[in-house]
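# Structural features, examined
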Amino acid sequence: MIDIDKEKLIPIRKSGKLFPGNPHASTVYRWIKAGMNGCFLETSMVGGRRFTSQEAVKRFIVKLTQKADGRYNREFEFSKEELEQMGSPRDDNLWSGNFGEIELPIE
């Protein structure tokens with residue numbers, strides 16, 4: 001889920017620039033609505049317009065890569081609070097935004 005207090009919102013029509021290969025906006029909308037391999041790009045609605053964030057793009061790429069590599073962790077699908085309520089162990093790096101050295105351009 002996008003934390004609107006900490007993440008900079010980017011309009012979907014401009015978000016293709018955050019992905020390698022600069023996919024068309026219609027591809028990004030498909031990742032939001034239909035997902036890809038069971039993973040969905042996170043968004044927020046503001047004033048009837050849909051936005052995403054660089055951090056949401058990173059999370060989407062990480063989830064897709066983990067699934068493709070057979071290392072997908074279902075903990076990614078639950079919020080930090082939900083996991084704590086369930087008493088499930090978690091990796092603090094997932095919640096700190098520590099996804100490695102992925103550099104994505106932002107306009």
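The coordinates are above.
Before going into details, it helps to say that this report is about the structure given with it.

Time to look at the environment of Leu64. Mapping Leu64 onto the fold places it in helix α3 (residues 54-68). Judged by relative accessible area, which is 16%, Leu64 ranks as buried. Filtering out sequence-adjacent residues up to four positions away, Leu64 remains in contact with Met36, Asn37 and Cys39.

Turning our attention to the pairing of strand β3 (residues 49-53). Looking at chain direction, strand β1 (residues 9-11) and β3 are connected through three bridges and run antiparallel. Each residue of the ladder has a partner; that of Ile10, found in β3, is Thr52. Sheet topology note: the strand β2 (residues 44-46)/β3 ladder contains three bridges and is antiparallel. When the sheet's bridge partners are listed, Ser44 is paired in β3 with Phe51. From the end of β2 to the start of β3, which pair antiparallel, there are two residues, and Gly47 there has a positive phi angle of about 60 degrees.

On to helix α2 (residues 25-33), then. The set of residues buried in α2 consists of Thr27, Val28, Trp31 and Ile32. Mapping the buried residues of α2 onto a view down its axis gives an arc of 145 degrees, with all of them on the same face. Where the residues of α2 are buried, they touch α1 (12-15), β3 and α3. Looking one or two places after α2, you find Gly35, whose phi comes out positive at around 75 degrees.

With antiparallel pairing, the three strands of this open sheet are ordered in space as β1-β3-β2. Two strands lie at the open edges of the sheet, namely β1 and β2, each paired on one side alone. The mean inter-strand angle of the sheet, taken between neighbouring strand axes irrespective of direction, is 50 degrees. Contacting β1 and β3, α3 crosses the sheet at an angle of about 70 degrees to β3.

Before going further, it helps to examine the environment of Leu9. You can see Leu9 is positioned in strand β1. Once the C-alpha coordinates of Leu9 and Ser44 are considered, the two residues, 35 residues apart in sequence, prove to be 8.2 Å apart. Not counting the four nearest positions on each side in its chain, Leu9 is found in contact with Ile2, Ile4, Val46, Phe51 and Thr52.

The rules behind these values
Residues numbered from 1 in each chain as written. Predicted model: local features only at pLDDT ≥ 70, side-chain atom pairs only at ≥ 80, totals over all residues. Heavy atoms only, no water. Helix = DSSP H or I, 4+ residues; strand = E, 2+ residues; numbered from the N terminus. Buried < 20%, exposed > 50% of the residue type's maximum accessible area, 1.4 Å probe, protein only. Contact = heavy atoms within 4.5 Å. Pairing = 2+ DSSP bridges. Arc of directions from axis to C-beta. Axes fitted to C-alpha atoms, helices over the stretch in contact; angles between N-to-C directions.

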